[in-house]
Amino acid sequence: MASISARRLAKELHEIQTEGCPVGINLLQADDFAAWQFTIEVMGESLYQGEVFTLLFRFDKHYPISSPAVQFVVTDGKTSPVHPHVYSNGHICASILGNEWSPVLSVIAVCLTLQSMLASCKKKERPPDNDRYVRHAPDNPKKTQFHYDGNSP
Amino acid sequence: MTTPPPSPPTAPRLRPAALPEIEDEPVKGPEQVTEDTDISTLTTAQVFDLNQSLLDEATGVTRPLIDEIAPISTLRAEYENGSPAFVRQIDWLTTKGYHYIRRTKGDGDCFYRSVAFAYVERMMHALNPAQAVEKGVATLKSTLPMLENVGFQRLAFEDFYDVLESLLLSIVTPQVTGKTLNAVGLLEAFQSPEVSNSIVVYLRLLTSAQIRIDPDAFAPFLFHPELGEPMEVREFCEHFVEAVNKEADHVQMTALSKVLQLNVNVAYLDGRNSNGLVDFVEFRSAPDANETPLALLYRPGHYDILVDSE
């Protein structure tokens, strides 16, 4: 029998392929159950009008009990959105990706939360500790223990 | 010409994942529990886990998710040189017939894991296991529409359900090995992270659903465990019920005993009672009020299973 992880990702992928992604989110690549990529943009009025970002999801064998590692892609000319919760290396400080992750969330649910995080942004700026963090950041954002302020998604 | 009546407003419905709203606040930067962390900023569960991991590190123990049954004297021995108040309370439990404990790992899931294990074990040891399993599975099946009603996506919970249901069914239906579930198989299942954690997740979702469908019963008791501030139902459930590794308190225990229709007794071993007695907090939700309750042992920040006889 396939692992819980593979079964769940297969179902999520099937749903994406049959029902499509929500507006502003597009599946770019899902060739295996290790890493998926999506493009994400904010529809309507926002500080990010006309900007399209790429999100990378990496799954370990304990997904969905363990959270996916999620970040913006910052290679090949792609950049991360300038946002108080997003570091210039693409890492995202969001409690739902860390200690408030719940297996009831899905890949699409994460995309929607991040889309709404961007949509509600009032000032484009980096986190105050961006430079220090980026200098020492691990490759996998899940290895960082972010301190959440109670308002982060 | 009659105008059609206006259609009723759509019932408020949680989005599939009931996603939290976001406000923009500057982040405070990464922070870890290190040797510089002020202990007073940690929750009791975090302190318990920290103590246990330091102790395990020092003694080279790798703790399974759930352990073999052990005499309660092994727990007593740990307090003999430290806390006479705890020793007195453990002795009191012994006089009440509780001679054994089954320990769980201190990872924030210990309450759910303890209940789950005791709940499955109870059915396995029932006088009529086939009947107990049939009843248990029927109760469990009725939770599927309940989870959908509170807005969870079926694909996000059905795999966890399947794990629990097939474990219950294996009590009476022989598995591929040709055998039905026995004590060894049960322990193995609960020590396997995939099976054990899937069941924990399902119990968390059940707990959350019970709170969400009956907000009036729970709303007055929903407080942030660290800040003590009142919380909205959805916010409380997302942060402190559905999220993995989040410790359970009275509200979660009430909700879970209700949804699984269980009687549960929680013995509070906290060293506080000067007469050496142990307070039991009782949850009564079984259709038969006299059904023997599952017994858990609470120490600040942690739950284990309390057993009266082997």
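Residues numbered from 1 in each chain as written. Chains lettered and ligands numbered in written order. Predicted model: local features only at pLDDT ≥ 70, side-chain atom pairs only at ≥ 80, totals over all residues. Heavy atoms only, no water.

To keep things clear, this is the line we draw: UniProt positions are given in the numbering used here, feature names are shortened, and annotations may be inferred rather than shown by experiment.
Named according to an unreviewed UniProt entry, chain B is ubiquitinyl hydrolase 1 originating from Guyanagaster necrorhizus. Annotation of chain B in UniProt includes, under Catalytic activity (unreviewed entry), the sentence "Thiol-dependent hydrolysis of ester, thioester, amide, peptide and isopeptide bonds formed by the C-terminal Gly of ubiquitin (a 76-residue protein attached to proteins as an intracellular targeting signal)."

As annotated in an unreviewed UniProt entry, chain A is UBC-like protein from Guyanagaster necrorhizus.

## Comments concerning the UniProt feature "domain: OTU" (unreviewed entry) in chain B
What counts here: Helix numbers and strand numbers start at the N terminus; a helix is a DSSP run of H or I with at least 4 residues, a strand a run of E with at least 2.
Look at the UniProt record and you will see "domain: OTU" (unreviewed entry) annotated at residues 99–309 of chain B. Counted over residues 99–309 of chain B, helix gives 50% and strand 14%. Its end C-alpha atoms are 6 Å apart.

## Comments concerning helix α1 (residues 4–19) of chain A
Residue and element names in this part refer to chain A. How we decide: Given a helix with a known number of residues, its expected span is that number minus one, times 1.5 Å. Only protein chains enter the accessibility calculation, which uses a 1.4 Å probe. A residue is then buried if its area is under 20% of the maximum for its type, exposed if over 50%, and partly exposed in between. Directions drawn from the helix axis to the C-beta atoms are what define this arc.
Counted at 1.5 Å a residue, the expected span for α1 with its 16 residues is 22 Å, and the 22 Å between its end C-alpha atoms agrees. Taken residue by residue, α1 has Ile4, Ser5, Arg8, Leu9, Glu12, Leu13 and Ile16 as its buried positions. Looking straight down α1, one finds its buried side chains confined to an arc of 155 degrees; they lie on one side. Exposed residues on α1 whose side chains face more than 90 degrees from its buried face are His14, Gln17 and Thr18. Residue Gly20 follows α1 closely and has a positive phi angle near 80 degrees.

## Details of the packing of helix α7 (residues 154–169) of chain B against helix α9 (residues 193–213) of chain B
Residue and element names in this part refer to chain B. Threshold: Every axis in this analysis is a line fitted to C-alpha atoms, fitted for helices over the stretch in contact. Angles between the N-to-C directions lie between 0 and 180 degrees. For classification purposes, an angle smaller than 35 degrees is called roughly parallel, one larger than 145 roughly antiparallel, one from 65 to 115 roughly perpendicular, and anything else oblique. Note: crossing handedness is left-handed where the near helix turns anticlockwise from the far helix by less than a right angle, and right-handed where it turns clockwise. Contacts are assigned to residue pairs that have any heavy atoms within 4.5 Å of one another. Residue classes follow a fixed rule: Ala, Val, Leu, Ile, Met, Phe, Trp, Tyr, Cys and Pro count as nonpolar, while Asp, Glu, Lys and Arg count as charged, and any other residue, Gly among them, counts as polar.
With their axes 8 Å apart at the nearest point, α7 and α9 run at an angle of 115 degrees to one another. Taken together, the axis directions place α7 and α9 in an arrangement best described as roughly perpendicular. Handedness of the crossing formed by α7 with α9: left-handed. Contacts from Phe157, Phe160, Tyr161, Val163, Leu164 and Leu167 in α7 reach Val195, Ser198, Ile199, Val201, Tyr202, Leu203 and Leu205 in α9. Taken together, the residues of the contact of α7 with α9 break down into 12 nonpolar, one polar and no charged.

## Considering helix α2 (residues 107–119) of chain A
Residues and elements named next belong to chain A. Its 13 residues place the ends of α2 18 Å apart at the C-alpha level, agreeing with the 18 Å of an ideal helix rising 1.5 Å per residue. In terms of burial, α2 is largely enclosed, as 10 of its 13 residues are buried. When α2 is considered as a whole, its buried residues turn out to be Val107, Ile108, Ala109, Val110, Cys111, Thr113, Leu114, Gln115, Met117 and Leu118. Tucked into the core, α2 has its buried residues touching α1, β1 (25–29), β2 (35–40), β3 (53–58) and β4 (69–72).

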